[in-house]
Amino acid sequence: MISSDCSDPATLPASGPGGVRAVERCDALGIAPYSEEPDRLFRPYLSAAYRATRDSLAGWMQAAGMKTRVDAAGNLVGRYEGLTPDAPALLIGSHIDSVRDAGRYDGMLGVLLGVEVVARYAALGQRFPFAIEVIGFGDEEGSRFPVSMLTSRAVAGLLKDVPTGMQDAAGVSLQAALAEEGLELEHMPEAARKPGEILAYLEAHIEQGPVLEAENRAVGVVTAIAAQYRFRVSVQGVAGHAGTMPMTLRQDALAAAAEAVLAIETIGQSGPSDLVATVGQLTVAPGVPNVVPGEVVFSIDVRAGDAAVRNAAAAEIRTALEALAVRRKVTLDMTLQQDLPATPCDAALTNLLSNAARTTIGDEPRRMVSGAGHDAMVVAALAPVCMLFIRCEGGISHNPAEAVDPSDVDQAFLVMTRFIEDFAGHCP
């Protein structure tokens with residue numbers, strides 16, 4: 001068990017259990033020592049800021065009636081026992097690491113809402129046929145080591161081999177970083193939970209998109225996490241002097257890439273609402289004002305709730321780009337770099353969560369596909385999962401401007417408590 005001094009009111013806001021206190025605590029964790037940088041939030045896995053955050057979270061978990069531990073992957077786990085010792089658990093959580101220059105609510109809000117619902121039941125002296133465990137995953141973002149969702153993979157039993165050879169940008173190995181926490185790399189796969197230990201997983205998360213705000217809804221229910229393709233495209237033309245190369249004879253790689261970007265946008269707009277296609281990176285060579293570009297490299301990110309929709313869009317993009325390359329007399333190579341399958345949320349849990357939302361807010365909840373990846377898509381290999389989205393201002397995330405309305409978060413808190421009580425009536 002971790003000990004933590006939580007007597008400081010700056011780190012333990014005085015509001016009662018609920019969404020408001022969860023927001024206050026997210027704000028308290030948004031500054032040093034919970035960030036590696038003094039003027040912005042950056043909390044990478046296994047850093048000093050990560051350790052300070054985990055210690056404060058552990059103190060709050062303990063104050064809420066949980067016993068805490070750090071697993072072999074460095075995740076923080078709090079357990080509120082059920083009616084019988086060693087009962088299987090309903091797992092609630094999200095991640096506690098962040099990107100550089102992050103917002104305060106991505107990931108962390110879902111963990112703190114888990115703490116809040118346990119605090120409510122502990123105050124009432126209420127227990128269930130199952131335990132409730134709250135988990136703060138250590139590395140969802142991949143902002144320190146070159147693999148995302150590393151620690152949820154460990155919990156889900158997907159680390160079949162020890163992840164050797166990983167280093168951060170400063171050359172610190174994963175092995176050394178774990179050793180600073182008193183953990184051993186070779187034991188990291190031992191964070192895996194056994195079959196039957198976890199009944200289900202619930203993750204609350206800010207939407208990271210504008211849909212709920214546009215529809216004036218506090219919360220939404222996630223039906224699936226989108227399938228994702230990521231490609232690297234290289235366009236090879238012929239570099240030439242900008243003043244002497246006639247327009248009719250040019251093999252301009254940038255002009256070809258510009259047309260490709262517009263074609264990708266058009267294809268993304270032509271599909272269902274959950275299909276998105278994005279060019280987020282573009283590099284031009286030689287990159288000087290008086291030379292016709294001879295090479296351009298750019299990224300393509302294609303996502304959809306249904307893998308077939310994603311696949312069809314990617315195939316259409318490939319066909320369009322190949323035709324464009326022939327017409328413009330450039331060479332084009334489109335290489336797949338990442339393939340993440342769609343993760344449907346469990347239908348029964350999603351219906352239960354929808355019913356809880358309907359009862360709480362008095363209206364049919366918005367069902368939606370998550371375009372962003374979450375730990376839930378990995379935990380689905382261990383247990384059935386469901387997700388609750390919370391409105392965020394402007395749909396902004398991974399940005400200091402990230403903002404939530406505490407009343408929306410309190411609605412999410414009430415939906416979660418209703419879900420847990422309904423789950424108790426349906427669990428095995």
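All values derive from a computational prediction rather than experimental measurement. (Residues numbered from 1 in each chain as written. Predicted model: local features only at pLDDT ≥ 70, side-chain atom pairs only at ≥ 80, totals over all residues. Heavy atoms only, no water.)

*Asks:* Explain the overall build of the chain to me, using residue names and the numbers behind them.
*Replies:* Along the backbone of the chain there are 11 helices and 16 strands. For 428 residues, the compact-globule estimate of 2.2 N^0.38 gives 22 Å, and the C-alpha radius of gyration of the chain, at 24 Å, lies within 12% of that figure. With respect to the principal axes defined by its C-alpha atoms, the chain has extents near 80 × 50 × 40 Å. Expressed as a percentage of the 428 residues in the chain, the buried residues total 50%. If you take every contact in the chain between residues at least 6 apart in sequence, the share linking residues at least 24 apart comes to 77%. Summed over its atoms, the accessible surface of the chain is roughly 17,700 Å², and 52% of this surface lies on carbon and sulfur atoms. In the chain, the 33 positive side-chain charges and the 53 negative ones have mean positions that sit 2 Å from each other. (Helix = DSSP H or I, 4+ residues; strand = E, 2+ residues; numbered from the N terminus. Rg over C-alpha atoms; globule rule 2.2 N^0.38 Å. Buried < 20%, exposed > 50% of the residue type's maximum accessible area, 1.4 Å probe, protein only. Contact = heavy atoms within 4.5 Å. Areas by Shrake-Rupley, 256 points an atom, 1.4 Å probe, with all protein chains shown as cover. Lys, Arg positive; Asp, Glu negative; His and termini not counted. Charge placed at Lys NZ, Arg CZ, Asp CG, Glu CD.)

*Asks:* Residue-level account of the side chain of glutamate 181, with values.
*Replies:* With respect to the element layout, glutamate 181 can be found in the loop between helix 5 (174–180) and strand 5 (198–206). Residue glutamate 181 is classed as buried on the basis of its relative accessible area of 16%. At a separation of 2.7 Å, a polar atom in the side chain of glutamate 181 contacts the side chain of arginine 51. Reaching out from glutamate 181, the side chain makes a polar contact with the side chain of arginine 54 at a distance of 2.7 Å. (Polar contact = N/O pair within 3.5 Å; in protein donor to acceptor, adjacent residues only side chain to side chain.)

*Asks:* With reference to specific residues and values, describe the pattern of salt bridges.
*Replies:* Charged atoms that come close allow side chains of opposite charge to pair. All chains considered together, the criterion is met by 24 salt bridges. For glutamate 133, the salt bridge identified is with arginine 79, shortest N-O distance 2.6 Å. Separated by 54 residues along the polypeptide, glutamate 133 in strand 4 (residues 131–137) and arginine 79 in strand 2 (residues 76–80) bring together distant segments of the chain. Take glutamate 133: its relative accessible area is 3%, and that puts it in the buried class. Counted as one network, the salt bridges with shared partners bring together Arg79, Glu81, Glu133, Arg193 and Glu197. (Salt bridge = Lys/Arg side-chain N within 4 Å of Asp/Glu carboxyl O.)

*Asks:* Which residues make up helix 8 (residues 307–328), and what are the values?
*Replies:* Compared with an ideal rise of 1.5 Å per residue, which puts 22 residues at 32 Å, helix 8 spans 31 Å between its outermost C-alpha atoms and is within 8% of the ideal. Backbone nitrogen of alanine 308 and a side-chain oxygen of the N-cap are separated by 2.7 Å at the start of helix 8; the cap is aspartate 306. Once helix 8 finishes, lysine 329 follows within two positions and takes phi at roughly 60°, a positive value. (Expected span 1.5 Å × (residues − 1).)

*Asks:* Explain unusual backbone geometry residue by residue, including any values.
*Replies:* In this structure, the amide linkage connecting alanine 32 to the following residue, proline 33, adopts the cis form with an omega of 10°. For proline 33, the location among the structural elements is in the loop between helix 1 (19–28) and helix 2 (48–63). That bond from alanine 285 to proline 286 is cis: its omega, 5°, falls within 30 degrees of zero. Note on placement: proline 286 falls in the loop between strand 10 (282–285) and strand 11 (291–292). For aspartate 86, which is not glycine, the phi dihedral falls at a positive 60°. The residue aspartate 86 is located in the loop between strand 2 and strand 3 (89–95) in this model.

*Asks:* Please set out the packing of aromatic side chains residue by residue, giving values where relevant.
*Replies:* All told, the structure shown has eight aromatic pairs when counted by the stated rule. Over the face of the ring belonging to phenylalanine 42 we find arginine 100, whose NZ or CZ atom lies 4.1 Å from the ring centre. We note arginine 127 situated over the ring of tyrosine 80; from NZ or CZ to the ring centre the distance is 4.3 Å. (Phe/Tyr/Trp six-rings, centres within 6.5 Å; stacked < 30°, edge-to-face > 60°. Lys NZ or Arg CZ within 6 Å of the ring centre and 35° of its normal.)

*Asks:* Explain the packing of helix 3 (residues 108–124) against helix 11 (residues 406–426) to me, using residue names and the numbers behind them.
*Replies:* Helices that pack against each other are described as a pair by the angle of their axes relative to one another and the distance between those axes. Contact geometry of helix 3 with helix 11 gives a least axis separation of 10 Å together with a crossing angle of 60°. By the criterion of interaxial angle, the relationship of helix 3 to helix 11 is oblique. For the pair helix 3 and helix 11, the sense of crossing is right-handed. Contact with helix 3, carried on its side by Leu109, Leu113, Gly114, Glu116, Val117, Arg120 and Tyr121, involves Val409, Ala412, Phe413, Met416, Thr417, Ile420 and Glu421 of helix 11 and no other residues of that element. A class-by-class count of the residues in the contact of helix 3 with helix 11 yields nine nonpolar, two polar and three charged. (Axes fitted to C-alpha atoms, helices over the stretch in contact; angles between N-to-C directions. Parallel < 35°, antiparallel > 145°, perpendicular 65-115°, else oblique. Left-handed = near helix turned anticlockwise from the far one by under 90°. Nonpolar A, V, L, I, M, F, W, Y, C, P; charged D, E, K, R; others polar.)

*Asks:* I'd like a rundown of the environment of phenylalanine 413, residues and numbers included.
*Replies:* The residue phenylalanine 413 is located in helix 11 in this model. Given a relative accessible area of 5%, phenylalanine 413 falls into the buried group. Along the primary structure phenylalanine 413 and valine 117 are separated by 296 residues, whereas in three dimensions their C-alpha atoms are 6.9 Å apart.

*Asks:* Can you lay out the nonpolar core for me, pointing to particular residues and giving the numbers?
*Replies:* Of all hydrophobic cores here, the largest spans 74 residues; its most connected members are Leu109, Leu113, Leu174, Phe419 and Ile420. Looking at this core, the element that brings in the most residues is helix 3, giving 10 residues. Sequence-distant contacts of leucine 109, that is, excluding residues within four places in its chain, are made with Ala22, Val23, Cys26, Ile206, Ile390, Val404 and Val409. (Core = buried A, V, L, I, M, F, W, Y, C linked by side-chain atoms within 4.5 Å.)

*Asks:* Can you tell me about the confidence of the model for the chain, naming the residues and giving the values?
*Replies:* Confidence in the prediction of the chain, expressed as mean pLDDT, is 93, and 96% of residues score 70 or more. Note that pLDDT drops below 50 for residues 1–14; the model gives that stretch 27 contacts with residues more than four away or on any other chain. (pLDDT = per-residue confidence, 0-100.)

*Asks:* Kindly report on the side chain of aspartate 71, identifying the contributing residues and their values.
*Replies:* When you line up the elements, aspartate 71 lands in the loop between strand 1 (67–70) and strand 2. Buried within the structure, aspartate 71 lacks any salt-bridge partner; arginine 69 is the closest side chain of opposite charge, at an N-O distance of 5.1 Å. From its side chain, aspartate 71 meets the backbone nitrogen of alanine 73 in a polar contact 2.9 Å long. There is a polar contact of 2.9 Å between the side chain of aspartate 71 and the backbone nitrogen of asparagine 75. Those residues in contact with aspartate 71 that lie beyond four places of it in its chain are Val77, Val155, Leu183 and Ala191.

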